[in-house]
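# Chains, contacts and geometry: an overview
The chain contents come next:
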Amino acid sequence: MREIVLDTETTGLDPFDGHRLVEIGAVELYNHMPTGNTYHQYINPERGMPVEAFEVHGLGDEFLAKQPKFAQIAQEFLDYVKGATLVIHNAAFDMRFLNAELKWANLPELPTDNVIDTLMMARRRFPGSPATLDALCRRFEITGFNRDLHGALLDSEILAEVYLELIGGRQPDFALSVHTDSGGNHDSSTAWRPRPRPTPLAARITEEERAAHAAFVEKLGDSAIWRRYDG
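Please read these numbers as outputs of a predicted model, since none were measured by experiment. (Residues numbered from 1 in each chain as written. Predicted model: local features only at pLDDT ≥ 70, side-chain atom pairs only at ≥ 80, totals over all residues. Heavy atoms only, no water.)

Turning next to the overall build of the protein chain. When its secondary structure is counted, the protein chain shows eight helices and seven strands. In the form shown here, the protein chain has an accessible surface area of approximately 14,200 Å², with 52% of it arising from carbon and sulfur atoms. (Helix = DSSP H or I, 4+ residues; strand = E, 2+ residues; numbered from the N terminus. Areas by Shrake-Rupley, 256 points an atom, 1.4 Å probe, with all protein chains shown as cover.)

Encoded structure:
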């Protein structure tokens, strides 16, 4: 299962008020494990940066004027996310901007039915509690990220950690489904299999319980199913 954890930065809150994307960052997960395959792109918004937005991400006009326009990188972005489930915090916001930009570039929009919203996941799991990315990092004790300003790639890396915690921790299926060989190939035929314990667990039944069970079986007669088993 391929998932892309994604985040964006923008010039404002609504693309239909004249605001644009300025950064996209994404991290690839395969069967809930990071692959190291990331996507990161700054974008020239073709407009000025409001002070309020600059204070959030620190991306200014002079720097962004040197970056490609969205139409120039749109197909590369679509190729990267093709076929994957998107994992986004407050997905409605990012999807609104992404699909507006794709529409203006005369390219197909991203399907909204193939998106996981971690904000909604967090609100369902922790009703009434703060569900911002910072609050979830504190809840799950996710540390080690230097985050003075918002950045799309950094935030997608943090969100990947948060998402894995929301679904039960990294690799929630205990790697039972897929095995990766030394060449990076996935092979379900060599998946992990249970093996006998090297040292059997100590018995937890007491002698009194054992005697009571034996007396119970005796009352059932010779046809009792328990007589098929030792002990």
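We are not done yet, so read on.
Next up on the list: the side chain of Asn99. Summarising the element assignment, Asn99 is placed in helix α4 (residues 91-104). Setting aside its immediate chain neighbours within four residues, Asn99 contacts Glu109, Leu110 and Thr112. (Contact = heavy atoms within 4.5 Å.)

What follows deals with the sheet that holds strand β4 (residues 85-88). The five strands are arranged β3-β2-β1-β4-β5 in an open sheet whose pairing can be described as mixed. The two strands at the open ends of the sheet, each matched to only one other strand, are β3 (33-42) and β5 (115-117). Strand-to-strand twist of the sheet, defined as the mean angle between neighbouring strand axes without regard to direction, takes the value 25°. Note that β4 and β5 share three bridges and pair parallel. What sits directly across from Ile88, in β5, is Asp117. Relative to β5, helix α5 (residues 118-125) is tilted by about 45°, and along the sheet it contacts β4 and β5. Along the sheet, helix α7 (residues 152-166) contacts β1 (2-10), β2 (21-30), β3, β4 and β5; its crossing angle with β2, the most-contacted strand, is approximately 35°. (Pairing = 2+ DSSP bridges. Axes fitted to C-alpha atoms, helices over the stretch in contact; angles between N-to-C directions.)

Okay, the packing of helix α3 (residues 70-81) against α4 next. Two elements in contact, α3 and α4, have axes whose closest approach is 10 Å; the angle formed by their N-to-C orientations is 115°. Classified by the interaxial angle, the pair formed by α3 and α4 is roughly perpendicular. Classified by chirality, the crossing of α4 by α3 is left-handed. On α4, the residues touching Phe70, Ala74, Phe77 and Leu78 of α3 are Leu98, Glu101 and Leu102. Tallied by class, residues from the contact of α3 with α4 come to six nonpolar, no polar and one charged. (Parallel < 35°, antiparallel > 145°, perpendicular 65-115°, else oblique. Left-handed = near helix turned anticlockwise from the far one by under 90°. Nonpolar A, V, L, I, M, F, W, Y, C, P; charged D, E, K, R; others polar.)

Okay, the nonpolar core next. In this structure, Ile4, Leu6, Ile24, Phe70, Phe77, Leu98 and Leu110 are the most contacted members of the largest nonpolar core, which totals 24 residues. Where this core is concerned, the elements lending two or more residues are β1, β2, α3, β4 and α4. Take this core: its biggest share by element is seven residues, from α3. Non-local contacts of Ile4, meaning those with residues more than four positions away in its chain, are made with Ala26, Val27, Glu28, Tyr80, Val81, Ala84, Thr85, Leu86 and Val87. Formed by 20 residues, the second largest nonpolar core is a distinct cluster that contains Leu119, Leu136, Cys137 and Val162. (Core = buried A, V, L, I, M, F, W, Y, C linked by side-chain atoms within 4.5 Å. Buried < 20%, exposed > 50% of the residue type's maximum accessible area, 1.4 Å probe, protein only.)

Time to look at unusual backbone geometry. Phi angles above zero are rare outside glycine, and His32 is one such case at about 70°. If you trace the backbone, His32 turns up in the loop between β2 and β3. Judged by relative accessible area, which is 12%, His32 ranks as buried.

Turning next to the layout of surface pockets. Looking at the largest pocket, its volume works out to about 540 Å³. Lining the largest pocket are 23 residues, with Thr8, Glu9, Val56, Phe93 and His150 positioned closest to its centre. Broken down by secondary-structure element, the contributors of at least two residues to the lining of the largest pocket are β1, α1 (51-57), α4, α6 (133-140) and α7. Its residues assigned to classes, the lining of the largest pocket comprises seven nonpolar, nine polar and seven charged. (1 Å grid on protein atoms, 1.4 Å probe; cavity = no way out; pocket = protein on both sides within 12 Å on 5 of 7 lines; lining within 4 Å. Points joined across faces, edges and corners; volume = space filled by probe spheres on them.)

Once that is clear, we can look at the environment of Glu55. Relative to the helices and strands, Glu55 resides in helix α1. Assessed through its relative accessible area of 57%, Glu55 is described here as exposed. As a C-alpha pair, Glu55 and His150 span 95 residues in sequence and 9.2 Å in three-dimensional space.

Let us look at the side chain of His57. Looking at the secondary structure, you find His57 in helix α1. Separated by 3.0 Å, the side chain of His57 and the backbone oxygen of Thr10 make a polar contact. (Polar contact = N/O pair within 3.5 Å; in protein donor to acceptor, adjacent residues only side chain to side chain.)

Remember that the coordinates give geometry; whether it matters functionally is a separate question.
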